[in-house]
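Residue strings, one per chain:
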Amino acid sequence: MNLTDTLVLAGTLLLIAAPAEHALVRWLRTKTKNGNVQLLLTWADQAVTLLEKSDLAGTQKKQEAIDFVSQRLVANKLAGKFSQEQLSAVIEQAVAQLNATAIK
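Here is what the cut-offs are and how they apply
Residues numbered from 1 in each chain as written. Predicted model: local features only at pLDDT ≥ 70, side-chain atom pairs only at ≥ 80, totals over all residues. Heavy atoms only, no water. Helix = DSSP H or I, 4+ residues; strand = E, 2+ residues; numbered from the N terminus. Rg over C-alpha atoms; globule rule 2.2 N^0.38 Å. Core = buried A, V, L, I, M, F, W, Y, C linked by side-chain atoms within 4.5 Å. Buried < 20%, exposed > 50% of the residue type's maximum accessible area, 1.4 Å probe, protein only. Salt bridge = Lys/Arg side-chain N within 4 Å of Asp/Glu carboxyl O. Contact = heavy atoms within 4.5 Å.

Draft legend 1. Structural view of the overall build of the protein chain. Secondary structure summary: the protein chain contains three helices and zero strands in total. Going from N to C terminus, the protein chain has its helices and strands arranged as α-α-α. Radius of gyration (C-alpha) of the protein chain: 23 Å, far over the 13 Å computed for a compact globule of 104 residues. In terms of principal-axis extent, the alpha carbons of the protein chain reach across some 80 × 30 × 20 Å.

Here's what the structure looks like:
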């Protein structure tokens, strides 16, 4: 096998494997993003549960919960992956879920 044949074979293999590699990279990115969102939701639930019995007012509790989640994000090198609006929404969702389970 000469150099030209080797280059043609390598190029052909790259063309064949490229779609599979692209799909693998997309799948890994999606899995990572989903994992990060699941961590965020878990930390929000933890923060809301921890602060539920505190003496703080509603807005103070919410800010403490956001701070707790922000600290967890920083500790896990995920700072900047979620906006303050997203953190606020996740905390509100966790509060609503806690209230819904408390009513039952």
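Draft legend 2. Geometry of the nonpolar core. In this structure, Leu40, Ala44, Val69, Leu73, Leu87 and Ile91 are the most contacted members of the largest nonpolar core, which totals 16 residues. Listed by contribution, the elements that provide at least two residues to this core are helix 1 (3–51), helix 2 (58–75) and helix 3 (84–103). The element best represented in this core is helix 1, accounting for six residues.

Draft legend 3. Highlighting the pattern of salt bridges. Applying the stated rule across the entire model yields one salt bridge. We note a salt bridge from Glu92 to Lys62, for which the minimum N-O separation is 2.3 Å. One end of the pair, Glu92, is in helix 3; the other, Lys62, is in helix 2, with 30 residues separating them in the sequence. Looking at Lys62, the relative accessible area reads 25%, which means it is partly exposed.

Draft legend 4. Region of interest: the side chain of Asn36. Tracing the chain through its elements places Asn36 in helix 1. For Asn36, the contacting residues outside a window of four places in its chain are Leu78 and Phe82.

Draft legend 5. The arrangement of the environment of Phe82 in detail. With respect to the secondary-structure elements, Phe82 resides in the loop between helix 2 and helix 3. A relative accessible area of 16% places Phe82 in the buried class. The contact partners of Phe82, leaving out residues within four places of it in the chain, are Asn36, Val37, Leu40, Leu73 and Leu87.

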